Amino acid sequence: MRRTETEGRGPVRYGPPQPEPGLPVLPELAAAAAAAAGRSPAEPAGGGPALLDAASGYWARRGLPVERDQVVAAPGAPPLLLALTAALGGDVLLPRPCAAWWAPQARLLGRDVYHVPTPAECGGAPDPYALLETVRRVREEGGRPRLLVLSVADDPTATVPPPEVLHETVEAAAGEGLHVVSDETWRDTLHHPRDTVLIGPAEMDHERVTVLCDLAGPFLPPALPAAVARFPATPAGSALRARTLDVLTALGATLAAPAAAAASYALGEPDPIVERLAAAVRLHARVADAAQHALLAAGALVRPPQAGRHLYADLGPLRSALAARDVGDAQDLEEYLEARLGMPAPGGHRFGDDFDALRVRLSTGPLLGATPAEQQESLTAPDPLRLPHVNRALTAFGAAFDDLRAAVARRTERTERTERIEPPH
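Residues numbered from 1 in each chain as written. Predicted model: local features only at pLDDT ≥ 70, side-chain atom pairs only at ≥ 80, totals over all residues. Heavy atoms only, no water.

Caption draft 1: Quick peek at the packing of helix H9 (residues 271-297) against helix H12 (residues 372-380). Orientation of H9 relative to H12, taken along the N-to-C sense of each, is 90 degrees, at an axis distance of 8 Å. One element, H9, and the other, H12, form an angle in the roughly perpendicular class. In this structure, H9 uses Arg-276, Ala-279, Ala-280 and Leu-283 to contact H12, whose residues at the interface are Gln-376, Ser-378 and Leu-379. Within the contact of H9 with H12, the residues separate by chemical class into 4 nonpolar, 2 polar and 1 charged. (Axes fitted to C-alpha atoms, helices over the stretch in contact; angles between N-to-C directions. Helix = DSSP H or I, 4+ residues; strand = E, 2+ residues; numbered from the N terminus. Parallel < 35°, antiparallel > 145°, perpendicular 65-115°, else oblique. Contact = heavy atoms within 4.5 Å. Nonpolar A, V, L, I, M, F, W, Y, C, P; charged D, E, K, R; others polar.)

Given below as structure tokens:
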């Protein structure tokens, strides 16, 4: 079975970052980090007791009780996933598309990576039947599939897999002896929590699922990287945790004291953290909804964003207008939109999607304001869309795609006029 090609995707160091927060750092969070800046003792590999206890409390409040010795912390999600992948061994299966930082960890270790299509209704988790077929074919060709990475609140598609789809996928993975890493970075950013049911794989399979959360998504700024993982409470889970700690120790992947202090503070979920997160989610949801409507009006295909700070758009219906602008694939689209919009617009190929498909991830963070003062005003406004700076940003955003829609309409009109003048024989 052909593995995913690595050529043509651009160097890893130029890969897309997580969707931008677009907001100032919470003062209480900055104070927690600053208070630890003068601390001289280093954090132990895997995280200190305060951070591990805070992570345990975070998961317990979400119905996933866990002891301190089942948790590991690291200076960011990529080194933590790298350590997990090294500890597990074998080949790696990922949904198509998936978070841009998943595949490089496996490739760095020399592991084979296989992308599995997702269902039509969502991203984040592979279609269970496609997963079974992929595992069968990989084994027939001598591969050793061991790890499936999936997400319950997906980057890049901003969708949440329905519980029934996720359950079938987790059952299929268990039946094939795969260990599941569930990336739950964006689980606390549901745009409409009353209308969206989110159930994690660890609630379905207590023995074969490790939960990973990158705190530099919903809780921490990118300048304070920290991530935590929850391992199964089984002998196999304990052994996997120990091997993961060995890898982190060998890498010297320990948290800086300011990042550990900020992570401990955030995971404790005091009122300032809870209130900021709720306000940020409302803001990003409102702007994402407006951006989606602009894209749909232009003729693009976009699933309703359900979580996070981004959208995933398919500009295939606008291909003729893009071709007239020398845009023929995802890399061309990325370069064209970044120049046209003045903001990051990573193409779908960055996320393991088809190179020839005209798909792109668009973040809402750059639409919230150009200065901390504007961003703060967006956060506290009763209706952020009425603010001049947000309105201008959304108008410019929509205009870029409306120009493409108009070009397609003109081309279609010319074609129809020609056919009326010269009917086919």
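Caption draft 2: Quick look at the pattern of salt bridges. This structure, assessed with the given rule, holds 18 salt bridges. Among the salt bridges present, the one from Arg-286 reaches Asp-383, with a minimum N-O distance of 3.4 Å. Residue Arg-286 is located in helix H9, and its partner Asp-383 is located in the loop between H12 and helix H13 (388-421); the two are separated by 97 residues in the primary sequence. Classification of Arg-286 by relative accessible area gives partly exposed; the value is 36%. A salt bridge links Arg-359 to Asp-314, with the nearest nitrogen and oxygen atoms 3.3 Å apart. (Salt bridge = Lys/Arg side-chain N within 4 Å of Asp/Glu carboxyl O. Buried < 20%, exposed > 50% of the residue type's maximum accessible area, 1.4 Å probe, protein only.)

Caption draft 3: Molecular detail of the environment of Pro-201. When you line up the elements, Pro-201 lands in the loop between strand S5 (179-183) and strand S6 (209-214). For Pro-201, a relative accessible area of 0% puts it in the buried group. Residues Pro-201 and Val-211, 10 residues apart in the sequence, show an inter-C-alpha distance of 8.3 Å. Each residue touching Pro-201, except ones within four places of it in the same chain, is listed here: Leu-150, Val-152, Leu-166, Val-170, Val-180, Ser-182, Glu-184 and Val-209.

Caption draft 4: Representation of helix H3 (residues 77-88) in the model. The terminal C-alpha atoms of H3 lie 16 Å apart, and with 12 residues this matches the ideal 16 Å at 1.5 Å per residue to within 8%. Taken together, the buried positions of H3 are Ala-77, Leu-80, Leu-81, Leu-82, Ala-83, Leu-84, Thr-85, Ala-87 and Leu-88. Within two residues after H3, Gly-89 carries a phi angle of roughly 75 degrees, on the positive side. (Expected span 1.5 Å × (residues − 1).)

Caption draft 5: Summary view of a negative patch on the surface. A contiguous patch of negative charge, built from Glu-121, Glu-164, Glu-168 and Glu-171, is present on the exposed surface. Given a relative accessible area of 47%, Glu-121 falls into the partly exposed group. (Patch = residues over 30% accessible without salt bridge, like charges linked within 9 Å, V, L, I, M, F, W, Y side chains within 5 Å. Areas by Shrake-Rupley, 256 points an atom, 1.4 Å probe, with all protein chains shown as cover. Lys, Arg positive; Asp, Glu negative; His and termini not counted. Charge placed at Lys NZ, Arg CZ, Asp CG, Glu CD.)

Caption draft 6: Spotlight on the side chain of Arg-230. Topologically, Arg-230 is positioned in strand S7 (residues 227-230). No salt bridge is formed by the buried Arg-230, whose closest oppositely charged neighbour, Glu-184, lies at an N-O distance of 8.4 Å. Setting aside anything within four residues of it in sequence, one finds Arg-230 in contact with Trp-59, Leu-64, Pro-65, Val-66, Gln-70, Ala-202, Val-209, Thr-210 and Val-211.

Caption draft 7: Quick look at helix H5 (residues 128-140). Look at H5: 18 Å from first C-alpha to last across 13 residues, which is about the 18 Å you get at 1.5 Å a residue. Among all positions in H5, only Pro-128, Ala-130, Leu-131, Thr-134, Val-135 and Val-138 are buried. The arc that holds the buried residues of H5, viewed along the axis, is 155 degrees, so those residues lie on one side. Of the residues in H5, the exposed ones pointing more than 90 degrees away from the buried face are Tyr-129 and Glu-140. Those residues of H5 hidden inside the fold are in contact with strand S2 (91-96), strand S3 (113-117), strand S4 (145-151) and helix H6 (163-175). The N-terminus of H5 is capped by Asp-127, whose side-chain oxygen sits 3.0 Å from the backbone nitrogen of Tyr-129. (Arc of directions from axis to C-beta. Polar contact = N/O pair within 3.5 Å; in protein donor to acceptor, adjacent residues only side chain to side chain.)

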